[in-house]
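# Fold and geometry: a report
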Amino acid sequence: MSRPRLRVLSLGAGLQSSAIVLLAARGEIAPFDVAVFADTGWEPRSVYRQLDRLTGIAAAAGMPVVRVSTGNIRADALNPAHRFASMPLFTLGPSGERGMARRQCTSEYKIRPIKAEVRRRLGYPHPARVPAGVWAKVDIGISVDEIHRARDADVVYMRNTFPLLDLGWRRDDCLRYLNEHGLSGFGKSSCIGCPFHDDGFWANLKATSPAEWADAVDFDRRIRHGSARANADGHPLRGRYYLHAQRVPLDEVVLRPRTRRTPEDMPGCGPFTCPHPTEPVDPDPPEPADIGTATAGWEVA
């Protein structure tokens, strides 16, 4: 087998990938050539603070952190002139049908810019063909308790590896390791307005970050009838769209955090590890016969 030309860390700045940064910086696992953070432009301020801390740690060990982006997901959704990759919003049809818009956001705002950066650093930016045998080793922060999320790369120029699985580490091990080295307070990485947040996240955001909570509430209100692009084109989509599974305005949701877990216990939305292929548990589930199929999304062009 040929050797990798590039060693990359897919950095979400959540618990697991943060532990990998520290492990590599301390020489406990193989170093990476670059860590790549795909910035949607709408992460909580706490995540950007975490990213700044990690950038300093990695830089001191000779491992640069770069930020890549294809735009601001919130601004793009509200811009009628911009093509928008749909979010998995909860839908309520004209006759009460329940469904979800298709999810394109992870692919468009996280995976695609990382792949572009890997190609660029390999020396073969799109549309150039990457020659056989030229590839990058990509470390991904998946721990043993989430092993079902580990997958092979879908392109031949990237090969996914999972240092935490090799170590046999769980999320608790990552948390302990970070705490032991003075890096407490690392939470999950995900957009402020991600529909996959559980009630624990929403309750914590409302209590500790009122400005970001208000931001999410405003976004939820503004996407009620589809994207700005859909409305500007004169084709508002059928039904209504919501950030929360209860399918009511976010500031009217009766939040029921689970007392046995904290917001940090829920996995985040890493570029290659978004753990939510289907709709999360609805706090007020409909009867099976009333559940609609997923909508085709809220993009009309």
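In this text the structure is predicted, and so the values were computed from the model without any measurement. For every chain, the first residue of the written sequence is number 1, and numbering continues from 1 along that sequence. With pLDDT at 70 or above as the cut-off, local features in this predicted model cover only qualifying residues; side-chain atom pairs require 80 or more to be listed or tallied, and sums for whole chains, interfaces and linings still use all residues. Water and hydrogen atoms play no part in the side-chain values, which are based on all heavy atoms of the structure.

Along its length, the protein chain carries nine helices and eight strands. Going through the 301 residues of the protein chain one by one, you find that 52% of them count as buried. By the convention used here, residues are in contact when the closest approach between their heavy atoms is within 4.5 Å. For the protein chain, the share of sequence-separated contacts (at least 6 apart) that also reach a separation of at least 24 residues comes to 71%. Note on areas: Shrake-Rupley, 1.4 Å probe, and residue coverage restricted to the protein chains presented here. Surface summary for the protein chain: the accessible area is close to 14000 Å², and the carbon and sulfur share equals 51%. Each helix corresponds to a stretch of at least 4 residues labelled H or I by DSSP, and each strand to a stretch of at least 2 residues labelled E; elements are numbered beginning at the N terminus. A 1.4 Å probe rolled over the protein chains alone gives each residue an accessible area, and that area as a share of the maximum for its type sets the label: buried under 20%, exposed over 50%, partly exposed in between.

What tends to happen in soluble globular proteins is that the nonpolar side chains get buried as a cluster. Counting 29 residues, the largest nonpolar core has W42, I73, M87, W202, F219 and L250 as the members making the most contacts within it. Where this core is concerned, the elements lending two or more residues are α3 (73-77), β4 (90-92), α4 (105-122), α7 (199-208), α8 (210-222) and β8 (240-242). For this core, the element with the highest residue contribution is α8, accounting for four residues. Excluding residues within four positions of it along the chain, L250 makes contact with W202, W213, A216, V217, D220, L243 and H244. One finds L9, F37, V65 and W169 within the second-largest nonpolar core, a separate group that totals 28 residues. Throughout, nonpolar core names a set of buried Ala, Val, Leu, Ile, Met, Phe, Trp, Tyr and Cys residues whose side chains join them through atoms within 4.5 Å.

Any empty space left between atoms is shown by rolling a water-sized probe over those atoms. Think of a 1 Å grid over the protein atoms and nothing else: a 1.4 Å probe that fits but is trapped marks a cavity, an open set flanked by protein within 12 Å on at least five of seven lines marks a pocket, and residues with an atom within 4 Å of a point count as lining. Grid points are joined across faces, edges and corners, and a volume is the space filled by probe spheres set on the points. Under the criterion given, the structure shown has three cavities of 30 Å³ or more. Its volume calculated, the largest cavity comes out at about 130 Å³. Looking at the largest cavity, it is lined by 16 residues, and the ones nearest its centre are C105, T106, C191, C194 and C269. Here the lining of the largest cavity takes four residues from α4, the largest share from any one element. Note on residue categories: nonpolar means Ala, Val, Leu, Ile, Met, Phe, Trp, Tyr, Cys or Pro, charged means Asp, Glu, Lys or Arg, and polar means any other residue, Gly included. Within the lining of the largest cavity, the residues separate by chemical class into eleven nonpolar, three polar and two charged.

We now examine the packing of helix α1 (residues 15-25) against helix α6 (residues 171-180). For the pair α1 and α6, interaxial distance at closest approach is 9 Å and the crossing angle is 50 degrees. The angle between α1 and α6 falls in the class oblique. Read as a crossing pair, α1 and α6 show a hand that is left-handed. Between α1, through L15, Q16, S18, A19, L22 and L23, and α6, the contact on the second element is made entirely by R171, C174, L175, Y177 and L178. Taken together, the residues of the contact of α1 with α6 sort by class into eight nonpolar, two polar and one charged. To get an axis, a line is fitted to the C-alpha atoms, and for a helix only the part in contact is used. The angle between two axes follows their N-to-C directions and goes from 0 to 180 degrees. Note on angle classes: values under 35 degrees are labelled roughly parallel, values over 145 roughly antiparallel, values of 65 to 115 roughly perpendicular, and the remainder oblique. With the far helix as reference, a near helix turned anticlockwise by less than a right angle produces a left-handed crossing, and one turned clockwise produces a right-handed crossing.

Here we come to the confidence of the model for the protein chain. Every residue carries a pLDDT, the predictor's confidence in it, which falls somewhere between 0 and 100. Considering every residue of the protein chain, the mean pLDDT works out to 85; 81% of them sit at 70 or more. The low-confidence segment residues 276-301, where pLDDT is below 50, has 65 contacts with residues more than four positions distant or belonging to other chains.

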